[in-house]
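Topology and contacts: notes
These are the residues of each chain, in order.
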Amino acid sequence: LPYGKAGSSIVHTFTNGGKIANNIYAGAPSGNCYEPNDSFKGDIARAYFYIATCYYGADSTSFISWEMANGISFKPWAIQMLLEWHHNDPVSPKEINRNNKAYLLQNNRNPFIDHPEFADCIWGTGTCTTIVNEALTAAPNVTALANAANNSLAVNWQGMQQNEVAAISVMNINGQAIFHAMLQGSNEKSLSINTANWPKGIYIVRVNCLSSTVTIKVLVD
């Protein structure tokens, strides 16, 4: 069934509050839908945004057309609904933790959890250029500095609370993860990373905090 807004013709109500019923969301096709509990709606929307972005392009031919999308591209009513769910159920600490744990297994992340504003950039009315540039600017209390003299990259978060930083990862310009360290439970407030074997170029340092993610662009030369 497609997701949607459950009407009065309820077929089934689940123990967690989800419902199967006629779809009354504006613009949605007639027929039954599944409306999840409010506390899951944002999680679902961000998962769908991830899939639509990750597989856009050559892999999109593997997707069939159905009530919510033409292949990999959402239909207008589905975009509107998913954006509403995304806004009304914002990213939670549980979702951030799940994203961090998934990264440890598959070395990629859901960018709509790290940067919820990206959804409006793509499907809403946001302006991507400004937002992306801001996302690559360090927060005042986190710094990352490459030192060519001793082949190291120093990441410092002295201005943060103890145990605030959960993990640090580094990706090359192609998005490939080349370094990752879990720091939850550590009392350290700085980290030195050996860059001796790294090719010269631009790298992205991602500092995953308990309440946010800081992304910093550095040059290793």
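Before any of the text, the structure's been laid out above.
Predicted model, so just to flag it, every value in this text is computed and none were measured.

Turning to the layout of surface pockets, a few remarks are in order. Each pocket or cavity is described by its volume, and for the second largest pocket that value is around 230 Å³. R98, N99, A102, N110 and I113 are, among the 14 residues lining the second largest pocket, the residues nearest its centre. Within the residue set of the lining of the second largest pocket, elements represented by two or more residues are α1 (38–54) and α3 (93–106).

It is worth spelling out helix α2 (residues 76–88) at this point. For α2, spanning 13 residues, the distance from its first C-alpha to its last is 18 Å, which sits close to the expected 18 Å at 1.5 Å a residue. All of the buried residues along α2 are W77, A78, I79, M81, L82, L83, W85 and H86.

Moving on to the sheet that holds strand β8 (residues 165–172). Pairing is antiparallel in the open sheet, where four strands are placed in the order β9-β8-β11-β12. In this open sheet, the two edge strands, each paired with only one partner strand, are β9 (177–182) and β12 (213–220). The sheet shows a mean angle of 15° between the axes of neighbouring strands, direction not considered. Pairing of β8 with β9, which is carried by five bridges, proceeds in the antiparallel orientation. Among the inter-strand pairings, M171 is bridged to a residue of β9, identified as A177. The strands touched by α3 are β8, β9 and β11 (201–209); relative to β9, the strand with the most contacts, the crossing angle is about 125°.

Positive phi values are uncommon outside glycine, yet N151 reaches one of about 50°. As for its placement among the helices and strands, N151 is situated in the loop between β6 (143–147) and β7 (152–156). By relative accessible area, which is 36% here, N151 ends up partly exposed.

Before going further, it helps to spend a moment on the pattern of salt bridges. The final tally for this structure, using the stated rule, is six salt bridges. The partner of K41 in a salt bridge is E35, with the nearest N and O atoms 2.7 Å apart. A relative accessible area of 17% means that E35 is categorised as buried. Each of E35, D38 and K41 takes part in a single network of salt bridges with overlapping partners.

Following the criterion strictly, the structure yields 13 aromatic pairs and no others. Where Y3 meets W85, the ring centres are 5.9 Å apart and the plane angle is 80°; that geometry is what we call edge-to-face. One end of the pair, Y3, is in the segment before β1 (6–13); the other, W85, is in helix α2, with 82 residues separating them in the sequence. Look at Y3 and you get buried, because its relative accessible area is 17%.

Right, let's talk about the sheet that holds β6 for a bit. Taken in spatial order, the three strands of this open sheet run β6-β7-β10, and their pairing is antiparallel. Of all strands in the sheet, those with a lone pairing partner are β6 and β10 (190–194), marking the two edges. The average angle at which neighbouring strand axes cross in this sheet is 15°, direction not considered. Strand direction decides the pairing type here: β7 and β10, joined by five bridges, are antiparallel. Residue pairing in the sheet places N156 in a bridge with S190 of β10.

Consecutive residues of a regular strand have side chains that alternate between opposite faces of the sheet. Counting buried residues in β8 gives eight out of eight residues, a clear majority hidden from the surface. Pairing of β8 with β11 involves seven bridges; the strand directions are antiparallel. Bridge assignment links M171 to a residue of β11, and that residue is I204. A loop of four residues connects β8 with β9, the two strands running antiparallel in sequence, and G175 in this loop sits at a positive phi of about 85°.

Considering the arrangement of structural elements, one finds R46 in helix α1. Once you skip the residues sitting within four places of it in the chain, R46 turns out to touch H86, D89, P90, V91, E95, N110, F112 and I113.

Parameters at a glance
- Residues numbered from 1 in each chain as written.
- Predicted model: local features only at pLDDT ≥ 70, side-chain atom pairs only at ≥ 80, totals over all residues.
- Heavy atoms only, no water.
- 1 Å grid on protein atoms, 1.4 Å probe; cavity = no way out; pocket = protein on both sides within 12 Å on 5 of 7 lines; lining within 4 Å.
- Points joined across faces, edges and corners; volume = space filled by probe spheres on them.
- Helix = DSSP H or I, 4+ residues; strand = E, 2+ residues; numbered from the N terminus.
- Expected span 1.5 Å × (residues − 1).
- Buried < 20%, exposed > 50% of the residue type's maximum accessible area, 1.4 Å probe, protein only.
- Pairing = 2+ DSSP bridges.
- Axes fitted to C-alpha atoms, helices over the stretch in contact; angles between N-to-C directions.
- Contact = heavy atoms within 4.5 Å.
- Salt bridge = Lys/Arg side-chain N within 4 Å of Asp/Glu carboxyl O.
- Phe/Tyr/Trp six-rings, centres within 6.5 Å; stacked < 30°, edge-to-face > 60°.

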